[in-house]
Amino acid sequence: MTTRKTLMLAALFAIAPAGLVMAQSQTMPQETSPSAASSPSQREATSSSATEAPATSDSTSPAAASTPHQQQATRTASKQAMKECVAKQQQDNQGMSASDAKKACKQQLKGSG
């Protein structure tokens, strides 16, 4: 093979990928709505409105989202915190009744929660 043919062949191989890239046209889809990106069966499935379950009066409290085990653990922790608080109140304030200590603790726990 002559040098000239070799150079021509090398040049052809060098520019061939660029020609292929330019041959691929960049066409924009005519429709840009979300329905253009989905199939007819997807549009059909999502076009019907789903009904939600009605909210109950209990669902507004944070406890409604927790499991029974979580609720029990929270009650146990609250009771333990109350016992510790009452004991500390009575220790810090000699002669304080249990009901007064409990009232003070309810205020403390309500304020910190």
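Look above for the structure.
A. Structural context of the overall build of the protein. Along the backbone of the protein there are four helices and zero strands. Along the protein, helices (α) and strands (β) appear in the sequence α-α-α-α when read from the amino end. Residue burial in the protein is summarised as follows: out of 113 residues, 5% are buried. Looking at the protein as shown, the accessible area adds up to about 10,200 Å², and 59% of this sits on carbon and sulfur atoms.

B. Expanded view of the state of the cysteines. Counted by the stated rule, this structure contains one disulfide. Each disulfide pairs two cysteine sulfurs, and for Cys 85 the partner residue is Cys 105, the sulfurs being separated by 2.1 Å. In this structure, the disulfide formed by Cys 85 and Cys 105 twists by about -95° around the S-S bond and is classed as left-handed. Placement of Cys 85 in helix H3 (residues 68-92) and of Cys 105 in helix H4 (residues 98-112) is noted, with a sequence separation of 20 residues between them. You can call Cys 85 buried: its relative accessible area is 11%.

Rules behind the numbers
Residues numbered from 1 in each chain as written. Predicted model: local features only at pLDDT ≥ 70, side-chain atom pairs only at ≥ 80, totals over all residues. Heavy atoms only, no water. Helix = DSSP H or I, 4+ residues; strand = E, 2+ residues; numbered from the N terminus. Buried < 20%, exposed > 50% of the residue type's maximum accessible area, 1.4 Å probe, protein only. Areas by Shrake-Rupley, 256 points an atom, 1.4 Å probe, with all protein chains shown as cover. Disulfide = S-S within 2.5 Å.

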